Amino acid sequence: MQQKEAFDDIKELSVSDTFDKLSTSAGGLTGEEAEKRLEKYGYNEITEKKVNPFLKLFSYFWGPIPWMIEIAAALSVVIQHWADFWIITALLLVNAVVGFWQEHKAENAIELLKKRLSLNAKVLRDGKWQVVPSRELVPGDIVRVRLGDIVPADIKLVEGDYVQVDESALTGESLPVEKHAVDVAYASSIIKQGEITAVVYATAMNTYFGKTAELVEVAKTESHFQKAVIKIGDYLIVLAAFLVILIFMVAMFRHERLLETLQFALVLIVASIPVALPAVLSVTMAVGAAALARKKAIVSKLAAIEEMAGMDVLCSDKTGTMTQNRLTLAEPAPFSGYSKEAVILLGALASREEDQDPIDIAILNSAKTLPIKINKYRVTAFTPFDPVHKRTEASICDTEGNTFKVSKGAPQVILSLAANAAQIADAVNQKVLEVAEKGYRALGVARTNKKKEEEWEFVGIIPLYDPPREDSAETLRIAQVMGVQVKMVTGDHAAIAKETAKLINLGTNILPATSLVDKKDSETQRLVEEADGFAEVYPEHKYCIVECLQAKNHIVGMTGDGVNDAPALKKADVGIAVESATDAARSAADIVLTLPGLSVIIDAIRESRKIFQRMNSYAIYRITETIRVLLFMTLAILIFNFYPVTALMIVLLALLNDLPIMTIAFDNVKYSAKPEKWNMWVVLGIATVLGIAGVISTFGIFYIGEEILHLTRECIQPFIYLKLSVAGHLTLFVTRTRGPFWSIRPAKILLSAVILTQMVATLIVVYGILLPPIGWTLALFVWAYALAWFIVNDYVKRAAYDIFEHREIIFHK
């Protein structure tokens with residue numbers, strides 16, 4: 001059950017007003033009141049909608065191409081062609097099972113979000129502290145969180161000094177956030193330092209975390225691959241329906257038997273169905289997925305391969321994706337005659353490794369490279385950082401027995417210690433401002449004077465930042481060359497985002513996410529499209545950014561590593577979880593990288609464009625063959641009242657031509673320098689032209705067989721069948737290139753599969769296996785005729801590309 005009250009204004013309320021709003025007190029709830037609220041609000045856990053696997057499997061029997069196959073199966077039952085029925089049904093089941101297994105993955109993003117919630121919580125009930133399962137927390141509960149705890153719900157801090165909270169998995173911020181009483185902390189963030197009492201104000205799906213889960217749940221996108229298959233199916237359905245209606249009209253005019261006409265309709269429909277189209281395309285993508293896996297990119301959704309080939313905008317998370325998610329020292333700014341090395345050394349002496357503070361770790365790691373080793377000094381006393389004094393302090397003794405103190409912290413606090421603060425204040429403030437403009441965090445370092453132990457000297461400033469990955473700049477450059485615009489999307493401040501953008505040669509038009517709020521959709525879409533990146537972003541902003549780009553007809557990729565990226569990863573056409581991604585992000589993504597950084601994305605884009613070329617080649621080939629057989633058969637029955645091929649021959653064509661054609665998944669291709677997309681105008685146009693050319697060539701051999709060679713009608717059928725089979729596979733070698741057929745050498749496995757299957761087809765007709773025999777002489781003549789037309793078709797293809805692509809350019813202008 002959802003919470004009925006809206007507690008969004010809790011953040012702005014005082015502690016006392018918060019207690020009033022939540023109807024609770026500093027003494028906590030009673031057990032009885034907690035039970036009532038639990039019944040009212042429900043358990044503090046993320047819920048998900050279950051999808052019936054049988055319904056999911058059933059969906060693969062729904063759509064234009066499955067409908068066509070099902071109609072053919074039904075017609076074969078009506079006229080009792082049981083062999084055809086079982087073959088057609090088997091093909092239908094193969095399509096469904098391949099699609100189901102290839103696309104099926106556990107929709108467990110929300111389940112993984114649930115696992116990140118704390119298992120137990122320390123709560124004040126009935127006036128005493130007790131440990132209860134986190135799922136039983138309700139708004140109004142008083143809880144206690146400390147170092148190492150996962151925050152169990154959205155809470156408002158009410159009593160205690162301060163805590164440092166790691167929210168990187170939620171907001172993308174690379175540094176722990178310091179929070180005090182009256183601040184709020186979000187469910188699933190981690191307490192890195194301190195201890196504090198808080199009051200729960202939101203649980204389950206009403207938390208910041210839960211709203212992220214809801215966005216994951218509603219993010220659905222239909223792939224361009226699915227749309228392309230549907231368009232191909234629609235085109236063939238219309239064509240087949242028109243020809244069947246035409247045949248029935250002619251049959252009624254000729255007073256032919258309805259059963260015979262129905263039988264022809266069955267053959268025509270079987271011929272019109274690209275039964276192997278979804279399976280071949282799926283297998284092509286599955287083989288491509290295996291190739292991507294070898295390049296360290298794991299594909300969990302096959303259609304994402306085709307989407308990546310057409311991706312023209314990549315929205316990339318900054319922290320942990322473009323950057324290393326690791327604090328690093330920039331060049332120190334020394335004062336008072338100290339060296340840069342001395343600033344780092346003294347800063348390291350004012351740090352303590354066991355606290356595991358990210359800033360201390362960064363400084364200590366940098367100090368390890370210094371010629372003077374830190375282990376030559378001994379820390380005799382250490383005062384850790386606290387939010388009141390805003391600095392650390394250590395008493396040091398060197399190897400000669402000299403003692404002094406060092407301190408590091410907020411620059412203004414450290415400056416106030418210095419005896420000459422007035423003289424150097426302007427210079428220090430100027431340097432702090434320069435560091436801040438770059439989005440860096442500045443730390444001041446001071447030590448006591450060697451001669452006057454009670455007098456402090458300002459040693460220098462240490463800038464800290466999250467450095468870019470070494471390969472980020474080159475990766476982004478290559479992506480842009482390949483036609484992919486990259487946009488940074490981060491939860492960090494705009495200044496940090498702009499500085500990182502400069503370092504990796506990305507544009508610096510970085511907009512704060514708030515600039516997208518309360519604007520017209522068209523204006524928001526324009527801003528999103530023109531921006532180089534976005535800062536101070538929350539999950540709903542990322543989701544909106546992807547949605548706006550998709551509304552402008554972009555194919556959008558989204559990379560990320562945190563829980564906050566999960567909704568946008570799922571909404572994007574291509575969701576890419578990087579190597580350091582959380583389980584929730586990996587589950588929501590379509591592609592998971594197993595190497596750090598973005599460089600592997602370039603390999604994935606290249607590979608996906610190769611896969612797309614193979615899919616595009618096969619689609620043109622399959623539509624060409626369907627049109628060729630449909631038109632030829634229809635015209636033959638209309639003009640000559642003759643069935644040129646039987647239903648068995650159609651099935652043999654499907655088996656011998658489509659099943660081995662799956663080897664196209666291994667074909668040699670050249671990837672495009674620009675994003676790929678399904679251009680149905682060109683695909684259907686080229687296929688139609690080649691299909692008509694095929695009809696002309698088939699009628700040519702029909703004429704030769706009947707008028708010149710004087711073959712019987714019984715002999716003409718296998719004669720034409722062999723021509724359709726051989727010429728069909730040769731058509732593939734025409735469609736696999738845009739230039740001359742010899743411009744790209746075919747893969748050995750594809751060439752071998754074609755030769756083998758056509759030898760089988762030849763032997764069938766030569767020796768009369770299942771079909772009437774025609775002998776070697778006629779078979780060799782068919783091969784010579786088909787090869788001659790293969791050369792002609794290659795010229796026809798190139799001319800057709802010139803016409804259709806040129807016309808498309810004019811149309812778009």
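Quick caveat: nothing in here was measured; it's all calculated off a predicted structure. (Residues numbered from 1 in each chain as written. Predicted model: local features only at pLDDT ≥ 70, side-chain atom pairs only at ≥ 80, totals over all residues. Heavy atoms only, no water.)

## Examining the overall build of the protein chain
A tally of helices and strands in the protein chain yields 29 helices and 23 strands. Accessible surface for the protein chain amounts to roughly 35200 Å². Of this, 59% is attributable to carbon and sulfur atoms. (Helix = DSSP H or I, 4+ residues; strand = E, 2+ residues; numbered from the N terminus. Areas by Shrake-Rupley, 256 points an atom, 1.4 Å probe, with all protein chains shown as cover.)

## Comments concerning the pairing of strand β10 (residues 313-317)
The element β10 is largely enclosed, with a buried count of five among its five residues. Burial of β10 is two-sided: the residues V313, C315 and D317 facing one way and the residues L314 and S316 facing the other way are all buried. Here four bridges tie β10 to strand β21 (residues 556-560), and the two strands are oriented parallel to one another. In the strand pairing of β21, V313 is matched with V556. (Buried < 20%, exposed > 50% of the residue type's maximum accessible area, 1.4 Å probe, protein only. Pairing = 2+ DSSP bridges.)

## Remarks on the state of the cysteines
Within the structure shown, the criterion is met by zero disulfides. The closest cysteine sulfur to the non-disulfide-bonded C548 is located on C544, 3.9 Å from its own sulfur. (Disulfide = S-S within 2.5 Å.)

## With respect to the sheet that holds β10
Taken in spatial order, the eight strands line up as β9-β23-β22-β21-β10-β18-β20-β19 in an open sheet, and their pairing is mixed. The open sheet terminates on both sides in strands that have one partner only, identified here as β9 (297-299) and β19 (510-512). On average, each strand axis in the sheet is tilted by 20° relative to the strand beside it, whichever way the strands run. Across the sheet, helix α20 (residues 521-530) is in contact with β18 (485-489), β19 and β20 (533-535); its angle to β18 comes to roughly 105°. (Axes fitted to C-alpha atoms, helices over the stretch in contact; angles between N-to-C directions. Contact = heavy atoms within 4.5 Å.)

## Side note on the side chain of N449
Structurally, N449 can be placed in the loop between β16 (441-448) and β17 (456-465). Within polar-contact distance, the side chain of N449 engages the side chain of E457 at 2.8 Å. (Polar contact = N/O pair within 3.5 Å; in protein donor to acceptor, adjacent residues only side chain to side chain.)

## Concerning the packing of aromatic side chains
Applying the stated criterion across every chain yields a total of 16 aromatic pairs. Residues Y377 and F404 carry aromatic rings whose centres are separated by 6.3 Å and whose planes lie at 85° to one another, so their mutual orientation is edge-to-face. Placement of the pair is Y377 in the loop between α15 (358-367) and β13 (378-383) and F404 in strand β15 (residues 403-409), with a sequence separation of 27 residues. Classification of Y377 by relative accessible area gives partly exposed; the value is 22%. For the ring pair F719 and F781, a centre distance of 6.4 Å and an interplane angle of 5° mean the geometry is stacked. Pair noted here: F719 is in helix α27 (residues 713-735) and F781 is in helix α29 (residues 775-812), with a separation of 62 residues, a long-range link. (Phe/Tyr/Trp six-rings, centres within 6.5 Å; stacked < 30°, edge-to-face > 60°.)

## What to know about the packing of α27 against helix α28 (residues 748-767)
At a minimum axis separation of 10 Å, α27 and α28 run at an interaxial angle of 175°. The pairing of α27 with α28 is recorded here as roughly antiparallel in orientation. Each of P718, Y721, L722, S725, V726, H729, L732 and F733 in α27 lies in contact with α28, whose residues at this interface are L750, L751, V754, T757, Q758, A761, T762 and V765. Here the contact of α27 with α28 is built from residues that sort into 11 nonpolar, five polar and no charged. (Parallel < 35°, antiparallel > 145°, perpendicular 65-115°, else oblique. Nonpolar A, V, L, I, M, F, W, Y, C, P; charged D, E, K, R; others polar.)

## Focus: helix α19 (residues 494-503)
Those residues of α19 not exposed but buried are A494, A495, A497, E499, T500 and A501. The secondary structure elements touched by the buried residues of α19 are α13 (318-322), α17 (421-437), β18, β19 and β20.

## Quick look at the pattern of salt bridges
Tallying each qualifying case throughout the model produces 19 salt bridges. For the salt bridge of K36 with E32, the shortest nitrogen-to-oxygen distance reads 3.9 Å. Highlighted residues: K36 and E32, both in helix α2 (residues 31-41), separated by four residues, approximately one helical turn. When sorted by exposure, K36 lands in the same class as E32, which is exposed. (Salt bridge = Lys/Arg side-chain N within 4 Å of Asp/Glu carboxyl O.)

## Some points on the environment of S189
With respect to the element layout, S189 can be found in the loop between β7 (184-185) and β8 (190-202). Each C-alpha atom of the pair S189 and E167 lies 5.1 Å from the other, and the pair is 22 residues apart in sequence.

## Looking at the pairing of strand β1 (residues 120-125)
In terms of strand pairing, β1 meets strand β2 (residues 128-133) through six bridges, oriented antiparallel. The residue of β2 that forms the bridge with L124 is W129. In textbook terms, the turn of a hairpin is the stretch between consecutive antiparallel strands, and for β1 and β2 this stretch comprises two residues, one of which, D126, has a positive phi near 55°.

## Observations concerning a nonpolar patch on the surface
A cluster of nonpolar side chains, L648, L751, I755, M759, L763, Y767, I769, L770, W776 and L780, forms an exposed patch at the surface whose accessible area comes to about 950 Å². Sorting the residues of the nonpolar patch by element identifies α28 and α29 as the ones contributing at least two each. It is α28 that provides the largest number of residues to the nonpolar patch, a total of five residues. Looking at the element boundaries, I755 is found in helix α28. Accessibility expressed as a relative area gives 47% for I755, which makes it partly exposed. (Patch = residues over 30% accessible without salt bridge, like charges linked within 9 Å, V, L, I, M, F, W, Y side chains within 5 Å.)

## A few points about α17
Residues lying three or four places apart along an α-helix face the same way, a consequence of the helix completing one turn every 3.6 residues. For α17, spanning 17 residues, the distance from its first C-alpha to its last is 23 Å, which sits close to the expected 24 Å at 1.5 Å a residue. The largest bend along α17 measures about 30° and falls at A427. Listed in full, the buried residues belonging to α17 are A421, I424, A425, V428, V432 and V435. Elements in contact with the buried residues of α17: α16 (411-417), β16 and β17. Phi turns positive one or two residues past the end of α17, at G439, with a value near 85°. (Expected span 1.5 Å × (residues − 1). Bend = angle between axes of the 7 residues up to and from the residue.)

## Some thoughts on the packing of helix α24 (residues 599-640) against α27
Taken N-terminus to C-terminus, the directions of α24 and α27 make an angle of 155°; their axes are 9 Å apart at the nearest point. Taken together, the axes of α24 and α27 lie roughly antiparallel to each other. In the packing of α24 onto α27, the handedness of the crossing is right-handed. Between α24 and α27, the contacting residues are S617, I620, Y621, T624, E625, R628, F632 and F640 on the first element and R713, I720, K723, L724, A727, G728, H729, T731, L732 and T735 on the second. Its residues assigned to classes, the contact of α24 with α27 shows eight nonpolar, six polar and four charged. (Left-handed = near helix turned anticlockwise from the far one by under 90°.)

## Focus: the environment of I620
Note on placement: I620 falls in helix α24. Discounting residues that sit within four places of it in the chain, I620 has contacts with V683, I686, A687, T735 and Y801.

## So, the side chain of D667
Its location among the elements puts D667 in the loop between α25 (647-658) and α26 (680-708). Beyond its immediate sequence surroundings of up to four residues, D667 is in contact with R614, R736, P746, A747 and L750.

## Overview of unusual backbone geometry
Non-glycine residue D126 carries a positive phi angle of around 55°. Its location among the elements puts D126 in the loop between β1 and β2. Taking relative accessible area as the criterion, D126 reaches 48% and is therefore assigned partly exposed. A positive phi is found at V182, a non-glycine position, where the angle reads about 85°. Inspection of the secondary structure puts V182 in the loop between β6 (177-179) and β7. Taking relative accessible area as the criterion, V182 reaches 37% and is therefore assigned partly exposed.

## A closer look at the confidence of the model for the protein chain
The predicted coordinates of low-pLDDT regions are not to be read in fine detail. With 83% of its residues at a pLDDT of 70 or more, the protein chain has an overall mean of 80. Counting contacts from residues 102-118, a segment whose pLDDT is below 50, to residues more than four positions away or on other chains yields 51 contacts. Contacts from residues 809-813, a stretch scored under 50 in pLDDT, to residues over four places away or in other chains number zero contacts. (pLDDT = per-residue confidence, 0-100.)

## Describing the environment of P332
As for its position among the elements, P332 is in the loop between β11 (328-329) and β12 (333-334). Placed 131 residues apart in sequence, P332 and P463 show a C-alpha to C-alpha distance of 6.3 Å. Not counting residues within four places of it along the chain, the set of residues in contact with P332 comprises K340, V343, I344, I461 and P463.

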